[in-house]
Amino acid sequence: MGGFFKSSIGRKVAMALSAFFLMFFLLQHFSINILSVFNPDLFNEVSHFMGTNPLIQFVLQPVLIFGVVFHFVMGFVLEIKNKKARKVAYVKNNGAANSTWMSRNMIYSGVAILAFIVLHFIDFWFPEINTKFIKGDWSGTIEGVEGFRYYEELTHKFVSPIRVGAYVLAFVFLALHLLHGFTSAFQSMGATAGRKKTLQNIGKAYSIIIPLGFIFIALYHHFNH
Ligand code: HEM
């Protein structure tokens with residue numbers, strides 16, 4: 001099995017599997033965070049459930065973080081290997097002619113998303129880990145805030161126009177990354193035969209609606225705080 005992931009096919013399949021996992025996570029993450037716009041009380045309830053459920057905290061969260069790190073590391077490995085391979089092919093068949101800007105620049109949109117994740121972890125995840133795992137406070141409450149703290153903490157993060165600007169820019173790169181990544185993941189799994197057009201349309205819709213939705217959440221809280 002280990003040998004399979006050492007092959008270029010194996011690496012592409014591993015990349016695609018981690019991509020599917022992260023695209024599912026984004027859907028779930030968007031569904032929870034959009035609640036902060038339409039029903040802050042429900043957002044607080046759902047955030048507390050997710051934030052204190054043992055299966056989510058001790059099983060799914062480590063798997064997610066592994067998936068995020070794996071996708072980025074494998075992304076760099078594949079880019080370095082492709083760059084070496086491309087050097088030769090590029091001269092022969094003018095690679096730029098038959099590829100999109102998004103496909104040629106996945107590493108740059110990927111790095112932009114990685115930079116966002118670092119900022120985002122500083123904003124949201126590290127404080128969560130500190131409160132719960134370091135300080136041992138799983139109450140979900142904070143002095144001066146009635147009820148759960150999650151909605152109050154989230155809206156506070158979107159006061160700074162610089163942070164909101166950085167988030168919005170990152171979500172544009174997320175869209176560019178997904179516009180190629182969505183169909184390419186299915187292609188790596190050999191799952192596009194006879195349904196390429198449909199997958200491309202679903203991919204386009206997902207790649208535009210999810211990042212636009214995140215942009216809406218960030219701007220909504222910025223202009224409504
Ligand atoms: C406006 C948009 C977003 C908001 C309001 C938001 C909010 C949050 C919050 C509140 C947490 C902490 C959850 C917890 O650990 O209890 C979190 C964690 C996280 N976010 Fe976001 N997020 C947004 C966009 C994104 C995007 C676009 C990505 C990926 C590209 C992302 C990836 C993550 C990851 C990997 C975690 C850590 C795992 C987790 O705890 O769920 N987030 N986010």
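Residues numbered from 1 in each chain as written. Predicted model: local features only at pLDDT ≥ 70, side-chain atom pairs only at ≥ 80, totals over all residues. Heavy atoms only, no water.

- Looking at an unreviewed UniProt entry, one finds the protein chain named Succinate dehydrogenase cytochrome b subunit, with Flaviramulus multivorans as its source organism.

## Observations concerning the packing of aromatic side chains
At step 1: Within this structure, the stated rule accounts for 20 aromatic pairs.
At step 2: Ring centres of F116 and Y167 lie 4.9 Å apart, and the angle between their planes is 80°; this geometry places the pair in the edge-to-face category. Taken together, the residues F116 in helix α6 (residues 106-134) and Y167 in helix α8 (residues 161-188) connect sequence positions 51 residues apart. Comparing F116 with Y167, the two get one shared label, buried.
At step 3: Of the aromatic side chains, those joined through ring pairs into one cluster are F30, F116, F124, F158, Y167, F171 and F214. (Phe/Tyr/Trp six-rings, centres within 6.5 Å; stacked < 30°, edge-to-face > 60°. Helix = DSSP H or I, 4+ residues; strand = E, 2+ residues; numbered from the N terminus. Buried < 20%, exposed > 50% of the residue type's maximum accessible area, 1.4 Å probe, protein only.)

## Some words on the environment of L26
At step 1: By the element assignment, L26 lies in helix α2 (residues 8-38).
At step 2: If sequence neighbours within four positions are ignored, L26 has contacts with L174, L178, Y206, I210 and F214. (Contact = heavy atoms within 4.5 Å.)

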